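# Chains, contacts and geometry: an overview
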Amino acid sequence: MSDQGVTVTPSSDPPIPTGPPPKVTNRGRTAAPIASSNSDSTDIPEFEYFGVPGPRGLPPLTEFLDIWDVDMMRRPDEANKKLHHTASYNTDSLVVRRGQEFQVKITFNRPYKPAEDKFAVEFVIGSSPQYSKGTYIPVFPTKARQNIWDGRVANTSDNVVTMAIKPAADCIVGKYHMYVAVSTPYGIRRTRRDKNRDLYILFNPWVADDAVFLDDEKEREECVMTEMGIIYHGAYDDIAERDWNYGQFNYGVLDACLYIMDRSEMPITNRGDPIKVTRKASAMLNSRDDEGVLVGNWSGDYTYGVAPTSWTGSTDILLTYATSKMPVCYAQCWVYAAVFNTFLRCLGIPSRVVTNYYSAHDNDGNLKTDIILDENGRIDRNRTKDSVWNYHCWNECYMSRPDLPAGFGGWQVVDATPQETSDGMYRCGPASVQAIKHGQICYPFDAAFINSDVVFYSRSRDGSMEPIKVNPSHIGRMVLTKTPGGMTRRDITDQYKFPEGSTEERTVLEKAEEYGCHREKFRPPPADVELVLPTLQVIVGDDFELSLEFINRSDQRRTVDTYISGTVVYYTGVTSSEFLFRTPTVTIGPNKSVKESLTIESKSYMKKLVEQANLNFIVTGKVKETSQIVTAMKVVTLHNPKLTIEVSGLYKVNEEMLATVEFTNPFSFTLEGVYVRMEGPGVMLPKNKYYSMITGGSSLIWTEYFTPLRAGSTRLIASLDCPALRQVTGQVSITIEP
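Let me begin by describing the structure that accompanies this report. (Residues numbered from 1 in each chain as written. Predicted model: local features only at pLDDT ≥ 70, side-chain atom pairs only at ≥ 80, totals over all residues. Heavy atoms only, no water.)

### Concerning the packing of aromatic side chains
Put simply, the rule is: Only centres within 6.5 Å qualify two rings of Phe, Tyr or Trp (six-membered ring in Trp) as a pair; their planes then separate them into stacked at under 30 degrees, edge-to-face at over 60, and tilted for everything else. Only runs of H or I of at least four residues qualify as helices and only runs of E of at least two qualify as strands under DSSP, and these elements are numbered from the N terminus. Residue burial is assigned from relative accessible area. The probe radius is 1.4 Å, only protein chains are included, and a residue is buried under 20% of its type maximum, exposed over 50%, and partly exposed in between. Throughout this description, the term charge over a ring refers to an Arg CZ or Lys NZ atom that lies within 6 Å of the ring centre and within 35 degrees of the ring normal.
With the rule as written, the count across this model stands at 22 aromatic pairs. Centroid distance F64 to Y186: 6.2 Å. Interplanar angle 70°. Geometry classified as edge-to-face. Of the two residues, F64 sits in the loop between strand 1 (47-49) and strand 2 (67-71) while Y186 sits in the loop between strand 9 (174-184) and strand 10 (187-190), which places them 122 residues apart along the sequence. A relative accessible area of 34% places Y186 in the partly exposed class. Judged by centre distance (5.1 Å) and plane angle (80°), the ring pair of Y398 and W411 falls under edge-to-face. On the criterion of sequence distance, the pair formed by Y398 in strand 18 (residues 387-399) and W411 in strand 19 (residues 410-415) is long-range, its members being 13 residues apart. A relative accessible area of 22% places Y398 in the partly exposed class. Using a relative accessible area of 12% as the deciding quantity, one classes W411 as buried. Through a chain of ring-to-ring contacts, the aromatic side chains of F102, F123, W149 and Y176 assemble into a single cluster. The positively charged end of K325 is found above the aromatic ring belonging to Y259, 4.4 Å away from the centroid. The ring of W411 has R352 lying over it, and the distance from NZ or CZ to the ring centre is 3.9 Å.

### Description of the nonpolar core
Just so we agree on the cut-off: Nonpolar cores were defined as sets of buried Ala, Val, Leu, Ile, Met, Phe, Trp, Tyr and Cys residues, with membership established by side-chain atoms within 4.5 Å. Any pair of residues with heavy atoms lying within 4.5 Å of one another is described as a contacting pair.
Counting 65 residues, the largest nonpolar core has W244, L294, I317, W334, V335, F343 and L347 as its most contacted members. Ranked by the residues each element gives to this core, the list is headed by helix 6 (residues 333-347), at twelve residues. Leave out the neighbours within four places in its chain, and L347 touches V173, L202, F203, L254, C257, L258, M261 and V277. Among the nonpolar cores identified, the runner-up in size contains 59 residues, and V538, V674, W702 and V728 belong to it.

Set out below in structure tokens:
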């Protein structure tokens, strides 16, 4: 019996739940979980009944076709791997490419009779295989029962049937389980699950129907099959290079790449689309949002990991991530780009590492890199927030873009370095290179992050700012990649930009403005005094001369109050510390030039050096007679000593050889905490040694035995790294005979 007339009073809120929130599931939203792991699988029953067996069970099935053996023809010397360009993958499983026929041999208990016998080869991927999702694919041998994958009997010999199978050119990329199923009047019986019948299906740049088709054999060989790359760094006028072992064919690397997609919880059904795969991977290669592969670190303190400059290849990084399930420490832009390149090439997407010299890191997204000066022409470091990276590495991958207008397929920019967010995550791309060049930055994804002007502003005491100099050609000065099939660099700047000052370039800028990219249109008249800084090549630890040339192009005398600032900077353009500040006053006669020379002693910068040893000189000045501001910038990349590698032995497959690494400390001080790494594709897996100290003038000699696994031309590369000296490298080319 209820209490009528009683008023209910409100209670206090229930206590806040403690502990981690429960993981959101598909319950109530989908009938089954969305398959997002290639490593998860469902066992297919060995026998599927068509009806309920009688009280005596099923009769003997001896009169019907039975499967005795399945040969995947998976050895490197057999036709499948040769024709599919996958013989180099160091795995016992079959690796093939989609859109192209491969063969398997099936041995039955008796000769196959096409008129009577019915069998199918079944392919399954993911935890909830469904025909409608493309995760369960039965392939039949007869034309009457063809499917999304083609099948045919290529040959019969006694009890052996050679079945030819052609996966769809847009099928899911990943690891499949294969079964052979025979239909009887009582049900379907099939082979048991056997890991020896697992196979990997990859993207196929050799087939025109595949979205990653690249119709250039030389480019394909370089951008899919080549394991050893060259990554360019240094400065625009002092280019340096380092070798990198992508190692896309090494044992475990393919599984590690598939694990990356599993870790991202990318639906299995999306893994046949290179656009979705590359966009997801650009987020997963960094750890900022999603516990991805690499932790970025530009601080110079790498106590809890490996210094970015110490890595020599991708194999260690990917295998460590796949086994530890934790992000690997540490990376900077070229490491992100190199590991991303391994991921793309391993899955069959043509890709290359690209270096852009003078790359803008624009903090407010206005496509301007702003440098603020005070009224006297001195740089205001507190208010200058944008930075110009000496260089920045990203990737290009090749694919069609059916989501964009015609003409925007081909090379696409993708960037895993966590600089800017895109759709809420740290990633960039794929952005069409053609769209960037033509100013069509409205199209997905992230094309607006790639170009910039450098604008110098003079800030008055009341806070107002006036543009005094605009340099439209400083950013993106040069874009380089490795020449296909060679060891030289290839300038691809013209693929990103029209020539400076051309009619096409002006049209592109106007087009970009239509999509909201506001550039500084004001062009102040050039000063009649020009300031020129020389190009210098300096070895770390040396004293050197910095010569400034002031050129007076007027008919009157000019006096310039000059500020000369020398700073130690990271390669990202971010200042670490200032080691030089001078304020000379320079007088120049009419139509004359004057040189102002400064001696830079090594003791002024050596103790302040950070990795990659970059010195940045910014010279600004105010002309007394005209109040005009003159500016000049120059990055000097100090050259490190080299280490040497020597190789001895028979230079034959499976014959033991010896590699010797030598390095002499050229400094008067001791190098402490020294790591040396060495590896080479097809000849040596990553090795490393640690030396607690190398005193000044002393040498290290490290010898390592190795056994080449593959014939052909390759290289051994080595790096030496310690807190006081970064990015010391060496390499040797060798040719291994069969």
